[in-house]
Amino acid sequence: MPVPTFGDLLLRFRTAAGLTQAALAERAGLSVRAISDLERGINRRPRKDTFALLATGLELSPDERSLLEMALRGRGTGKTPSAGDVPSRPHRASAPPFVGRTGELGAISVHLAAAGPLLLLSGEPGIGKSRLLHEVAQRAAGAGWTVLAGGCHRRSGDEPFEPLLGALERHIEPQSPAQRRAALHGCAWLVRLLPELTPESSPLPAWTVPPAQERRLIFKALATYLSNVAGPRGTLLALDDLQWSGQDALDLLAALVRLPAAAPLSVIGAHHDTETPPHSPLGSLLADLAREGLARKIELGPLPEGDAAELVTALLAEEARAESASDSAHELRAEVVRRSEGVPFFLVSCALALRAAGDPTLRDQGTPWDVAETVRQRIAALPAPAPELLGAAAIVGRRVARSTLLPLGEKLGWDQRALLQAVESACRARLLVEDDDAFQFAHDLIREVVAADLSATRRTLLHHLTAEVLEQSAGEPPVEALAFHFAQAGEPAREVVYLERAGDRAAAMHAHAEAAAHFQRLARQLDALGRRIAAARAREKLVETLRTTGRYDLAIEELGRALDVYRSNGDVEGMARVGAASAWLHNLRGTTSEGLPVVTALLDELTGRGLPAHGLASLYIGLGQLYFSADRYRDLGEAAGRARELAHEAGDERLEAVALGRQAISLCQQGKLDEGAVALQQACRLIEAANDHWNLCSALNNLAVVYDERGAFGEALDCVQRSLALAERIGDAEQISFMTYRRGQEAFYLGDWSRARADYERADEIIGEVSDSWASSYPAARLARLAFAQGRLADGQAHSDRALAVALRKHDTQAIRYLQCTLAEVDILAGRGERALERLTPLLDSPGAEKLSVTMLYPPVAWARLVGGDVDGAEEVSGYATGRARNWGQRVVLADALRIQAQVHAALGRGAEAKAALEEALALARAMPHPYAEAKALYVYGLLLAAEGEPE
C-alpha cells in the first residue's frame, strides 16, 4: 500500500472527527475550496500557518499531529503505513457527520431564545432525531447553556426516573467536591435518587414525610439543582428516546416543566412517534402539556436529496478519493440516496456497510436496503470474536458498562487481548460507540437485529452469565437489571430476590408505577414457586403503592388475595394488617358500606384467636374511621373505646392517644362539646408527646372545629396555625391544603374576606396537584360560600357544582351537608323555598341519633318553610333549632337560628319577641366576633323596624 499523502491523512482525520469540509473550514478559519484542494492533492504543500489552523480545527493529538506533519514534509515513518496506523478515534466518530436540517435548527434556536419549556423532536425510527438532538446539545453548550443529556432504551421503563436520573448522575459524577457542594445546595432530597450523594448533601429532616410528599420534595430538589448549575443562558435537558421512559419519569418531567425555576430551564426531547400512540403515557403527557401551552413539537422528515447526497459523500469519502476518476462511485452514491429515500439511518447503514465490505462483488449485487440485512453485513465483516461480543452486549442492553462487558467476555472464554480487539473493531465499524466507561450501540435497531439472531438457548445462557457478572460487580447491585436477566434466564427463585429489592428501591424513590409493576410480578412469581405467605406479603407492599396512586379497586382486590392466604395459614396478625388496610382503602374509595361488613366480620373471626392487642387495636381504629364516614358516631365511640383499651393493654401510648382522639370526635358529634373538648385537649398532648405529627395535625383540627362551634375563633385559629405548621413540616399536601382552607375559614368568620379568599384559592391549588383526594371538595365548597355571600352567583355555582360532584363521589356526608346548606340559602333568597326543602330534608337526622353537623340545617329549613307560607311549621322548626343550638353550645348556629326565629315572630305579629331574638343574635355575633352574622341580623332588624314605621 502506498504511503498516505497529506491529502489522504487530512481526509481520514476529518472523516473520523465527523466533520464536513464546510465544518472544518469554519473551525479552521479557511475556505471550503482550500480544504477541498488539499484533500484532492491539488495543493500538496500548505503553508505552516495553514497546517497549524488545520491541526487546531481537527483537535489532533500530538501523535496525530506528528503523523500529519511528516506527510507534509514528504517523509515516511520508516515503514509502509497500514490502515491501523492512522488513528480512527472512535470516540470522535460517535456520531455521523451532521448535514442539513436548517429549518429545524432555526425553529430550535427560536425555542431556546424564548427559553420554551418543552420541545419534542418526533418522527419514525432512524429519521435523525438523535443526531439532531446531539448537535443541538453541542451548540447549546457553546452558547452558554448547561446541558444535561440522557436517553432511554426499551427497558428504561423498569429503571426509575430514566432518562432524567442517568443524565443527572452523569452530570454530577465529574464535578469536584467544591462544585458538588455548590450544585447540591438546597437539594438534600436528591439523596433519595442518588444515595451516594449523602456525604456531600445537606442532611434530610429527622421527621417522617409521607410518600406522596417525599416524591414532591424530590422533584423540587431536582428543579433546584438544575437552577443551581444553570449557565448564562440557563439549563437544557436533552433527552433521547422518551417513548421508552416510564410513567414516573414522565411525572418528573411534567413537574420540572410546570415548576417555577430560579433560572431558565428548557427541555428538548426526541421520541419515535410510531411508538407513541395518543393513549400511551408519553402521548397523554404531550396532550396535557400542549393544552397548557407548555409543549410544542417538530416533526422530522427524510433529508432532501441534496442533503442526503452530501451525507453519503462524507460517509463514502475514502471511496470517493480512491475512485475519483470512476463513474461507478458517483452511480453508487446516487443509488444509496435513491434507495434510502433520505432516511438518515438507512443512509448511514448502507454507506458504512459498503465501506466495511471492501469486496467489489458485493457492491455489484447492489446496496442493501433492508436495515436488518445491512446490520448483519456490517457485523459479518468484523473479525472474530466481535460478532459474538456484540451478541453478548445486545443481551445486556443498548448501553453496556466496560465493567460488565469485559468480565462477560471472559466468562465466555475469550482472553483480554481478543476482547480488546473485538471492541475496537466494533467501534471502528460504528456498531458500538465508546462513551466514557461504557459502550453503546450506535442505534437500538442494531441491538435488536443482533439479539434477534441469537438462538433461544444462547439468549438464556447469556442472560444467566450477565446476571452472574452483575451480581459480582462492585458497589450497589443493579437490582432491576438482575431481576430482568434472571427472569429471562428462567431462574424465578433468584429473580424474586431482586424483584423485591427493585420494588423497595422504587417505592423509596416514590417511583410508584415501577414499584407496583415489580411487586405485582413478585407476587405472581412467588405464587408460581408455591411461596404463598411471601406472595401475600408482597401483595401488602403492592397495596401500599396502589393506595398512594389512587388505584383503590385493584388494591382491595389484591388485599382479598392476601387475606385468603393468611386465613388458610392461620396467620392472625397478617389478617389484622389486611383488615386495617382494607378499612382505610374503603374509606378513601368512598365505599364505606362495602368496607364495614368486611372489617366487622374479620373482627368477629379474630376475636379469641390469640391476636396481639396491638393488631386488634389497629383494626378497631380502622373500623372507627369507617363508622365516622358512615355518620355512625356512637359506633365510632364504641370502636375507639375498645381500641383505646387494647392499645393500653399493649403499652402503645401513641395508639392509645389516637384512639382517645377518635373517642372525642364521637362525643363532639353527639353534642357533648365540653366533654369532647377536654378529651381532644388531652389527646393532643399525648399525641404530641408521642411525636406523631400526622395524627396531631388531625387532632388539632378537630379541636379547632369545637372552638368554631362555640364561636371562639381566636382559639380555633391558634389550633389551625399549629396544625398547618405541622402539615408543612411533614410535607403532606392534603393536610397542607386542608389546614390552609381551615385558616381561610377562620378569616371568613372574623370578617377578613380577602384573606379568606386567598387561603381558599391557595388550598384549592394545592389539592389540585393531588390525585383524587378526599380533601378536594372543601376549598371549592368554601369558595362557593364566599362567592355567594359577595353576590358572585356564577362563580358560586361553578365552585359548588365542582365541590358537590367530588363530595357525592366520595360519599362525604359532612361536605354534602355544608354544600346543600349553602345552596339552600341561595334558593331561599331567590324565592325557591320548596327547592331548598328538597335539598335539606333528606339530610336531617332521625330522633335519638342527632349529629353535631346536622344542627346547621335546621335554621334554613325553618326559613324555607316560612318563605313557602308554612308559618306554623317554621315556628316549630325554628324553636327546635334555637333550643338545640343553645343546649349544645353551638353559638354560630344559634346566631343564625335566632335571626330566623325573629323572622317567624315578626310573621306572627310578635314584634317584641322578634326584637328580643334579634338583640340576642346581635350580642352573640358581636361577642364572638362574627361580622357576617351581625350584618345579617342587622338587615333583618332593619326590615322589621321599617315595617313598623321606623325607617330611621
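Before reading further, recall that the structure is shown in the block above.
This report concerns the structure included in the present document. (Residues numbered from 1 in each chain as written. Predicted model: local features only at pLDDT ≥ 70, side-chain atom pairs only at ≥ 80, totals over all residues. Heavy atoms only, no water.)

1. Remarks on the pairing of strand β1 (residues 118-123)
We apply this condition: For the exposure calls, accessible area comes from a 1.4 Å probe over protein chains only, and a residue counts as buried if that area is under 20% of its type's maximum, exposed if over 50%, partly exposed in between. Elements are defined by DSSP. Helices are runs of H or I of four residues or more, strands are runs of E of two residues or more, and each kind is numbered from the N terminus. Should DSSP find at least two bridges between two strands, the strands are regarded as paired.
Burial of β1 is extensive: six of the six residues sit out of reach of the surface. Here β1 shows two buried faces, one formed by L118, L120 and S122 and the other by L119, L121 and G123. Where β1 lies against strand β4 (residues 265-272), six bridges are found, and the strand directions are parallel. For L118, the partnering residue across the bridge sits in β4 and is V267. Across five bridges, the pairing between β1 and strand β5 (residues 295-299) is parallel. Residue L121 lies in a different strand from β5, and its bridge partner there is I298.

2. A look at the state of the cysteines
Spelled out, the test is: Throughout, disulfides are identified as pairs of cysteine sulfur atoms within 2.5 Å of each other.
In total, this model carries zero disulfides according to the counting rule given. As a non-bridged cysteine, C684 has C719 as the owner of its nearest cysteine sulfur, 6.7 Å distant.

3. Brief notes about the sheet that holds β4
The cut-off we apply is this: Axis geometry follows a simple rule: fit a line to the C-alpha atoms, using only the stretch in contact for helices, then measure angles between N-to-C directions, giving values from 0 to 180 degrees. Here a residue-residue contact requires only that any non-hydrogen atoms of the pair lie within 4.5 Å.
A sheet is described by the order of its strands in space; here five strands give the open sequence β2-β3-β4-β1-β5, paired in parallel fashion. The sheet is open, and its two edges are formed by β2 (145-151) and β5, each paired on a single side. Going across the sheet, the axis of each strand differs from the next one's by a mean of 20°, ignoring polarity. Alignment of β2 against strand β3 (residues 234-240), held across seven bridges, turns out to be parallel. Bridged to G150 within β3 is L239. Against the sheet, helix α12 (residues 281-291) engages β1, β4 and β5, with an angle of about 135° to β1.

4. A word on the nonpolar core
Note the threshold: To qualify as a nonpolar core, a set must consist of buried Ala, Val, Leu, Ile, Met, Phe, Trp, Tyr and Cys residues joined through side-chain atoms within 4.5 Å.
Within the largest apolar cluster, 113 residues are counted, with the highest numbers of intra-cluster contacts made by L190, Y225, L237 and L256. No other element matches helix α31 (residues 613-629), which puts nine residues into this core. Setting aside residues up to four positions removed in sequence, Y225 forms contacts with L148, L168, H171, I172, Q175, A183, L184, C187 and L190. L700, F713, V826 and A914 belong to the second largest nonpolar core, which has 81 residues in total.

5. Here's the deal with the environment of L623
Mapped onto the fold, L623 is located in helix α31. Classification of L623 by relative accessible area gives buried; the value is 4%. If sequence neighbours within four positions are ignored, L623 has contacts with A583, L596, V599, T600, L603 and A639.

6. Topic: helix α7 (residues 129-142)
For clarity, the cut-off: In this scheme, a helix's expected span is set at 1.5 Å multiplied by one less than its residue total.
Taking 1.5 Å as the rise per residue, α7 with 14 residues should run 20 Å; its terminal C-alpha atoms sit 20 Å apart, in good agreement. Residues K129, R131, L132, L133, E135, V136, A137 and A140 constitute the buried set of α7. Summarising the contacts, the buried residues of α7 are in contact with α6 (102-113), β1, β2, β3 and β4.

7. Some words on the packing of aromatic side chains
How we decide: Stacked, tilted and edge-to-face are the three classes assigned to paired rings of Phe, Tyr and Trp, where Trp is represented by its six-membered ring and a pair needs centres within 6.5 Å; plane angles under 30 degrees give stacked, over 60 edge-to-face, the rest tilted. To sit over a ring, a charge needs its Lys NZ or Arg CZ within 6 Å of the ring centre and within 35 degrees of the ring normal.
According to the stated counting rule, one finds 13 aromatic pairs in the structure shown. Considering the side-chain rings of F161 and F219, the 6.0 Å spacing of their centres and the 90° angle between planes classify their relative orientation as edge-to-face. With F161 in the loop between β2 and α8 (164-172) and F219 in helix α10 (residues 211-228), this residue pair connects regions lying 58 residues apart in the sequence. The pair formed by F161 and F219 is uniform in burial state, with each residue classed as buried. Members of the aromatic cluster, each reached through a chain of ring pairs, are F713, F748, Y749, W753 and Y932. Over the aromatic face of W888 sits the side chain of R884, whose NZ or CZ is 4.5 Å from the ring centroid.

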